[in-house]
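Here's the letter readout for the chains.
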There are 4 protein chains.
Amino acid sequence: MSTLTPDILSVLEKQAIELPSWAFGNSGTRFKVFATPGTPRDPFEKIADAAQVHRYTALAPSVALHIPWDKVSDYAELRKHAEDLGVALGTINSNTFQDDDYKFGALTHHDETIRRKAIDHHLECIDIMDATGSRDLKIWLAEGSNYPGQNDMRARQDRLQDSLQQIYARLTGEQRLVLEYKFFEPSFYHTDVPDWGTSYVQVAALGERAMVCLDTGHHAPGTNIEFIVMQLLRLGKLGSFDFNSRFYADDDLIVGAADPFQLFRILTEVIRGGGLNSPDVAFMLDQCHNIEDKIPGQIRSVLNVQEMTARALLVDREALDAAQTANDVLAANAILMDAFYTDVRPALAEWRESRGLAADPMAAYAASGYREQIAADRVGGTQAGWGA
Amino acid sequence: MSTLTPDILSVLEKQAIELPSWAFGNSGTRFKVFATPGTPRDPFEKIADAAQVHRYTALAPSVALHIPWDKVSDYAELRKHAEDLGVALGTINSNTFQDDDYKFGALTHHDETIRRKAIDHHLECIDIMDATGSRDLKIWLAEGSNYPGQNDMRARQDRLQDSLQQIYARLTGEQRLVLEYKFFEPSFYHTDVPDWGTSYVQVAALGERAMVCLDTGHHAPGTNIEFIVMQLLRLGKLGSFDFNSRFYADDDLIVGAADPFQLFRILTEVIRGGGLNSPDVAFMLDQCHNIEDKIPGQIRSVLNVQEMTARALLVDREALDAAQTANDVLAANAILMDAFYTDVRPALAEWRESRGLAADPMAAYAASGYREQIAADRVGGTQAGWGA
Amino acid sequence: MSTLTPDILSVLEKQAIELPSWAFGNSGTRFKVFATPGTPRDPFEKIADAAQVHRYTALAPSVALHIPWDKVSDYAELRKHAEDLGVALGTINSNTFQDDDYKFGALTHHDETIRRKAIDHHLECIDIMDATGSRDLKIWLAEGSNYPGQNDMRARQDRLQDSLQQIYARLTGEQRLVLEYKFFEPSFYHTDVPDWGTSYVQVAALGERAMVCLDTGHHAPGTNIEFIVMQLLRLGKLGSFDFNSRFYADDDLIVGAADPFQLFRILTEVIRGGGLNSPDVAFMLDQCHNIEDKIPGQIRSVLNVQEMTARALLVDREALDAAQTANDVLAANAILMDAFYTDVRPALAEWRESRGLAADPMAAYAASGYREQIAADRVGGTQAGWGA
Amino acid sequence: MSTLTPDILSVLEKQAIELPSWAFGNSGTRFKVFATPGTPRDPFEKIADAAQVHRYTALAPSVALHIPWDKVSDYAELRKHAEDLGVALGTINSNTFQDDDYKFGALTHHDETIRRKAIDHHLECIDIMDATGSRDLKIWLAEGSNYPGQNDMRARQDRLQDSLQQIYARLTGEQRLVLEYKFFEPSFYHTDVPDWGTSYVQVAALGERAMVCLDTGHHAPGTNIEFIVMQLLRLGKLGSFDFNSRFYADDDLIVGAADPFQLFRILTEVIRGGGLNSPDVAFMLDQCHNIEDKIPGQIRSVLNVQEMTARALLVDREALDAAQTANDVLAANAILMDAFYTDVRPALAEWRESRGLAADPMAAYAASGYREQIAADRVGGTQAGWGA
């Protein structure tokens, strides 16, 4: 008999996790980017790889694009390509950190020419959203400074608001602007959107379709991330997750790999706040597979999210409420831990088989020959990476 | 010729730093509280000690009280006592962490009886404010939980807002509510107001006279505190500072002792944002002199704030703007560092002498015999500490 | 069929975790120590409580004492009392942080009279070890300073070595000296033994029977603790563990509560390095049950260690070696995670029943009436805490 | 009258700080490396730039090389080139992080072929040392793993020791091996030499001419670095410094830029332990000028070290000892702070002029036209960066 009830399975059935196209390209550290055979050379190949993840998991029906890395001449063609492979195009991510002009800022820059260019880049991204049918424009602001005194943080904050307003004004229909925050890197003294509070006050000043993006790797050491999840859901401003995990800084490891219990707590709070399967909250991965294989790395990642969601759904809410009300610290904690420690993997394997999927997606992918095929096929050209 | 211009001196002239009454009582760690001869035994003696700090520095014209530690039967008498000694009564600090009832919460508690008691305690604090003429009610919320699952963080957040609204509604005239945030301790899993964002959204929902208190020791490792100062000033919500310094956690060391350059950057941002000598921003100390003498510890502290303010006032804003606009990173940083590295101590000593104060307040206090006097006089009774 | 093989169960059978007597007394933060009915008032009652933990788990056959908190006039009587209750007396912990003389140091103090007193205290502890039959003298050095310049760190390090040599020289037979390190607290600038490196070089200079104690809560944020476990085992210098867990600083929460996966990794490295059931490595708890019930808090703790040890024993070493040799990052990680995610609790419950214990120790203790009994019996007197 | 006595000036006169050749090439983050006009294209041009720093400061008489980035066909020619420009060739730095073979380790690798290659690379570095006359071989071990289970940390530690022994055995005469440690990056789960303790036990097992390298940016948040300086000097194992500064991780900012007081404390401890101007301790920079000009960035850096050394030399040791012995916390701290707050810049400017140097090296370099010259001359070719 399964540990997972039909009710829980019907919730899990709806779970959808968006994959980032760039996870299939090469990535690395400032010290070295290792290449691997079979790495995609263009957005079409990236999407083909992403479709493999969905094929074996039924968890990843859409792919986020990054502009300009994923620029193509014909987005309708790209969309068609994706749909043919069973996935959709998702969030459009802008890039204001790789152009020489942006060395000292983009949406916050004091030079109006450069700021104009950065705003226009976002307007172009919205044009692409119109073409791809994407709902969300995600802005990660890599801007900041390396030395005290280098910049006027206050003026930058005001210019940021002005830039965002111009971008927000261009959105139509269901389109949204999602603003990511990050503790540090690539700037090492100040970052213009370093914490959820700053992201919140910036998007709250824009309007209803502006939301916060929470990247699980973008916090100071020790930060209680599930608290922030709770608060943003309470404020109606949690727009999306960028899932990954970390031991130190923005390590961008596989979600759940560094601290599975933290992922469980985050998902427990998502459920508590009504964020699971809510149209308001987009669940995405944002990871770097620097040394491990990329496609199975993504498969492992979506499975981790699914397994932790299943565990979080097992929390006995009624018993938990009772223990909390009785101030029974040990009992309340035990109820949570009981859900976390329950092994849901056999039940999820069963569920996959009931849907015609392989019980073990990692093994099924490995046995499929896809890896060998792309290694053989993708010869020549330039492997995709963070520059392309 | 002085390094400090008349303009700068006239700004410094107005600087006022509030002292916490509890800094003059004993404090320590969970491992040990060391006692010292001469420690005050009641609020009257604490205020007498605080007045010594003002006497030698002209920087500390008011004293914050902590209720119930500083409860007296007649606040008019306490006020008169303070005024006779040349100081005023300042901020009233509430306490919801030392009553057995508050073991699992106070303003956030699910038990309405306990929550009512905590709210009533704050209403009593406002009664005291009416009697003392204090403007600010400062709430540090020690509430939280130690184990995942122990509490429903979301429901607590909602109850907190309700409690604060009831308290806020009782304020009259110029009175304000100031809500402090703290990263952790005494709770070790979640804290109900752990960051500036939470404090901000809680007070923003109350109204104009609700503000955020920034304690410089209450952040995650690596947090850029001057950025938060900038942001809160930008939002018009920086109500007060609790100054202290830290190497690790909430160490409550003498302000400026651990990282003087950080204090300089904070004060530079205060000036940039119009917070210096602004009626909106109260400057307070909140420190523990666990092993050093308390009165000279406070003298050293207010001098540190003054010296760093003087350095921050030396920043050549015009040159800084020019270097920033030119993207000249090294020049902009050098302009800031030049102010920081300038030794303002001789000029401040001169300035003190011109006002009839001793050039060296530490030496003057040491020579005054006050320390020996209180050690001889204050025999018997119970030394004040965090319990009284 | 059980997830745990007979081989694994026979290893688990030998597991022994020492309890700290002080865990049964009151503890808290610098802000408040909450009292609870039934708290022991003397070492005899503490041992009685500790024996309850062993009774329901068969995991905790010994109790560590803290001198002077657990001083008695007749240690033979205390030993007999313990043995009658089915437990032994274990490690002797010294205390150089609660005497007024030790405000500025003890084994490191520049005042030879105070340093002599501190050394003599340790010699007295060894006398007690002779009486109790304890093997280990554990020294946690709370010494350090709060302000740069306050102390000469180098001279203190040399005096520490001299003090330890005098203490070490007094040991006889199988007796050992175990030196604990701690990142910070109660000192907030420098701590005389802040890291494993310092503890190692200090004990390495003493001799074979001097070892390092690793407290899992005593590291800087982000520290890879299992790496230190590996290194100390490699060097033959891991003498003991103080188990607890933390989200922020030295939170002293229940072991495994904050990051169960970290506990799993630590135990995996213990097994890898031959430290499990080794006579060289003592496994102890060192926790504070500030808000939860103490006896069930300790029961939960030893169960957590047992459960994680069982999971760690499940790691398929052969498969892991093969994956590591093949540089198959995802496969190697999956083998580890598979062990971690396996639910060993049913098998451990079975095993307990096979030994005549209750399947659920927490429930069995709760149903025993012991808690109600001590609450009724232990009226009057002074509850034990960190001062007694 | 100068703040710096002739005695202090004669100590400062001997100060020498080694520059890293790679500081003059381009560097950046994983997100972007910005290029600048005039960037050197080969080791000869790097050395020419380094010579500029020495020319204006008389502080930087040698240049460290990085192999293979600075490989040339004729090291005698490179040496001659350097000497003609008034500088010497210094430490040789090896590189085991940029070859595809080293993806999973080098000196620690389980594959003996790869490990052999890594050892041979170091033997080649020693050949180069023979040719350049360099004393020190510095090894920064970028090795580690990203996921728990990926590697057998213990076996790697043993292999590392074996590899180092083979390298150490090749050293002759005065040559030394210096082993750097680093908290994390580029590995994100475990690093093979993550802390000073590991570096110490590895080099202590080698012999007298093996030492530890302390990079000031390679520690966990909150680490008391000056304590480590003290300990390594006490153990006779502080071989060299890599100076830089950081707010967050290994930010590699200009030394003294993030926390000047920390740099002061480090240099105070260097002096206390006899490390200043000692032949045992090499002082080097290791920084990245990602967004600021490189040559003036290095000039600013060596000036920062000099200024902080001067301040540290001002500490009144006799008064400090007296205050420490009297347990006068505030007085002892004040003596330290007095030295830190003294503005030594005018005296150092005078001293420079007395030696025929410009009072303001930054201004003198800017006025020299060198920057414009190299921007005009260095056209074509490939700018040096971390790959060349």
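Here is what the cut-offs are and how they apply
- Residues numbered from 1 in each chain as written.
- Chains lettered and ligands numbered in written order.
- Predicted model: local features only at pLDDT ≥ 70, side-chain atom pairs only at ≥ 80, totals over all residues.
- Heavy atoms only, no water.
- Helix = DSSP H or I, 4+ residues; strand = E, 2+ residues; numbered from the N terminus.
- Rg over C-alpha atoms; globule rule 2.2 N^0.38 Å.
- Buried < 20%, exposed > 50% of the residue type's maximum accessible area, 1.4 Å probe, protein only.
- Contact = heavy atoms within 4.5 Å.
- Areas by Shrake-Rupley, 256 points an atom, 1.4 Å probe, with all protein chains shown as cover.
- Lys, Arg positive; Asp, Glu negative; His and termini not counted.
- Charge placed at Lys NZ, Arg CZ, Asp CG, Glu CD.
- Buried area = accessible area lost by both parts, 1.4 Å probe.
- Salt bridge = Lys/Arg side-chain N within 4 Å of Asp/Glu carboxyl O.
- Nonpolar A, V, L, I, M, F, W, Y, C, P; charged D, E, K, R; others polar.
- Polar contact = N/O pair within 3.5 Å; in protein donor to acceptor, adjacent residues only side chain to side chain.
- Pairing = 2+ DSSP bridges.
- Axes fitted to C-alpha atoms, helices over the stretch in contact; angles between N-to-C directions.
- Least-squares fit on C-alpha atoms with pLDDT ≥ 70 in both.
- Phe/Tyr/Trp six-rings, centres within 6.5 Å; stacked < 30°, edge-to-face > 60°.
- Arc of directions from axis to C-beta.

Peer 1: Looking at this structure, I do not really get the overall build of chain A. What am I missing?
Peer 2: The helix and strand inventory of chain A stands at 14 helices and 10 strands. The globule rule puts the C-alpha radius of gyration for 388 residues at 21 Å, and the 21 Å found for chain A is close to it. When its C-alpha atoms are laid out on the principal axes, chain A stretches across 65 × 60 × 40 Å. Burial analysis of chain A (388 residues in total) assigns 69% to the buried set. Here the contacts in chain A between residues at least 6 apart in sequence split such that 78% fall between residues at least 24 apart. Counting every atom, chain A has about 12000 Å² of accessible surface; 51% of that belongs to carbon and sulfur. Of the side-chain charges in chain A, 36 are positive and 55 negative, and the distance between the mean point of each set is 2 Å.

Peer 1: Explain the interface of chain A and chain B to me, please; I cannot follow it from the model alone.
Peer 2: Many analyses report the size of an interface as the accessible area lost when the parts associate. Each partner contributes residues to the interface: chain A has 53 residues there, and chain B has 53 residues. For the pair chain A and chain B, the summed buried area comes to about 4300 Å², and 60% of that belongs to carbon and sulfur atoms. Two residues, A:Arg234 and B:Asp158, come together in a salt bridge whose shortest N-O distance is 2.7 Å. Counting residues per element, the ones that place at least two in the side of chain A that touches chain B are α5 (153-168), β7 (190-191), α6 (196-204), α7 (225-234), α8 (260-272), α10 (317-325) and α11 (329-341) of chain A. Its residues placed into classes, the side of chain A that touches chain B shows 22 nonpolar, 21 polar and 10 charged.

Peer 1: Can you help me understand the interface of chain A and chain C in this one?
Peer 2: On the chain C side, the residues contacting the 31 residues of chain A number 31 residues. For the chain A and chain C pair, buried surface summed over both sides reaches about 2300 Å², with 61% attributable to carbon and sulfur atoms. It is A:Leu330, A:Tyr341 and A:Arg345 in chain A that bury the most area against chain C; as a group they hold 29% of the surface buried on that side. Applying the counting rule to chain A against chain C returns two salt bridges. With a shortest N-O distance of 2.8 Å, C:Asp338 and A:Arg345 are connected by a salt bridge. At the boundary of chain A and chain C, one finds two residue pairs in polar contact (both at pLDDT 80 or more). For the side of chain A that touches chain C, the secondary structure elements donating two or more residues are α8, α9 (294-313) and α11 of chain A. It is α11(A) that contributes the most residues to the side of chain A that touches chain C, six residues altogether. Residue composition of the side of chain A that touches chain C, grouped by class: 17 nonpolar, five polar and nine charged.

Peer 1: How should I be thinking about the sheet that holds strand β8 (residues 210-215) of chain C in this particular structure?
Peer 2: Where strands meet in a sheet, backbone hydrogen bonds hold them as pairs that are either parallel or antiparallel. Residue and element names in this part refer to chain C. Strand order in the open sheet formed by eight strands is β1-β2-β3-β4-β6-β8-β9-β10, and the pairing between neighbours is parallel. Pairing within the sheet leaves two strands with one partner each, and these edge strands are β1 (19-20) and β10 (282-285). Bridge count for strand β3 (residues 88-93) against strand β4 (residues 136-140) is two bridges, and the pairing is parallel. In the strand pairing of β4, Ile 92 is matched with Leu 137. Strands in contact with helix α5 (residues 153-170) are β4, β6 (176-180) and β8; relative to β6, the strand with the most contacts, it is inclined by about 150°.

Peer 1: Just checking my understanding: could you explain the relation of the copies chain A and chain C for this structure?
Peer 2: The two chain copies are related to each other by a rotation about an axis together with a translation along it. In screw terms, the move from chain A to chain C is a rotation of 180° and a rise of 0.0 Å along the axis, fitting with an RMSD of 0.0 Å. Read as a symmetry element, the transformation amounts to a two-fold axis. If distances are taken from each C-alpha of chain A to the rotation axis, the shortest is found for A:Asp343, at 2.8 Å. Interface overlap between copies: 100% of the residues of chain A at the interface are likewise at the interface in chain C, consistent with a symmetric, same-surface contact.

Peer 1: I keep staring at the pattern of salt bridges and nothing clicks. Help me out?
Peer 2: Once their charged atoms are close, side chains differing in charge can pair, the charge on each being opposite to the other. The full count for this structure, using the stated rule, is 128 salt bridges over all chains. With its nearest N and O atoms 2.8 Å apart, the salt bridge here joins D:Arg30 to A:Asp250. Placement of D:Arg30 in the loop between β1 (18-20) and α2 (43-57) and of A:Asp250 in the loop between β9 (238-243) and α8 is noted, with the two residues assigned to different chains. Of the two residues, D:Arg30 and A:Asp250, both sit in the buried class.

Peer 1: Hey, could you run me through the environment of B:Asn26 in this one?
Peer 2: All names here are of chain B. With respect to the secondary-structure elements, Asn 26 resides in the loop between β1 (19-20) and α2 (43-57). Residues Asn 26 and Lys 294 lie 268 residues apart in sequence; the distance between their C-alpha atoms is 8.7 Å. With residues near it in sequence (within four places) discarded, Asn 26 still touches Val 33, Phe 34, Ala 35, Thr 36, Thr 39, Lys 294, Gln 383, Ala 384, Gly 385 and Trp 386. In terms of polar contacts, Asn 26 uses its side chain to reach the side chain of Gln 383, at 2.7 Å.

Peer 1: Explain the packing of aromatic side chains to me, please; I cannot follow it from the model alone.
Peer 2: Aromatic ring pairs are defined here through the distance separating the ring centres and the angle between the ring planes. Here the structure, examined in full by the defined rule, presents 90 aromatic pairs over all chains. Centroid distance A:Phe261 to A:Phe340: 5.1 Å. Interplanar angle 55°. Geometry classified as tilted. Taken together, the residues span a long stretch of sequence, with A:Phe261 in helix α8 and A:Phe340 in helix α11 at a distance of 79 residues. The same class applies to A:Phe261 as to A:Phe340, namely buried. With a centroid separation of 6.2 Å and an interplanar angle of 55°, the aromatic rings of A:Phe340 and C:Phe340 are classed as tilted. Remark: C:Phe340 occurs in helix α11 (residues 329-341) and A:Phe340 occurs in helix α11; the pair is interchain, linking two chains.

Peer 1: Could you clarify how one ought to interpret the side chain of C:Glu269 in this entry?
Peer 2: Take C:Glu269: it is sitting in helix α8 (residues 260-272). This buried residue, C:Glu269, is left without a salt bridge; C:Arg272 holds the nearest opposite charge, at 5.1 Å. The contacts of C:Glu269, once residues within four sequence positions are left out, are C:Glu226, C:Val229, C:Met230, C:Leu233 and D:Met153.

Peer 1: Just to check I follow, could you spell out the side chain of D:Asn304 for this structure?
Peer 2: Within the secondary structure, D:Asn304 is located in helix α9 (residues 294-313). Setting aside residues no more than four positions away along its own chain, D:Asn304 makes contact with D:Ile254, D:Val255, D:Gly256, D:Ala257 and D:Leu263.

Peer 1: Sorry if this is basic, but what is going on with α10(A) here?
Peer 2: Each α-helix winds once per 3.6 residues, and so residues spaced three or four apart point in a common direction. Residue and element names in this part refer to chain A. Taken as a whole, α10 has its buried residues at Leu 320, Ala 323 and Gln 324. Along the long axis of α10, the arc covered by the buried residues comes to 100°, so they all point the same way. Of the residues in α10, the exposed ones pointing more than 90 degrees away from the buried face are Glu 318 and Thr 325. Against α11 lie the buried residues of α10. Trailing α10 by a residue or two, Asn 327 shows a phi angle of about 55°, which is positive.

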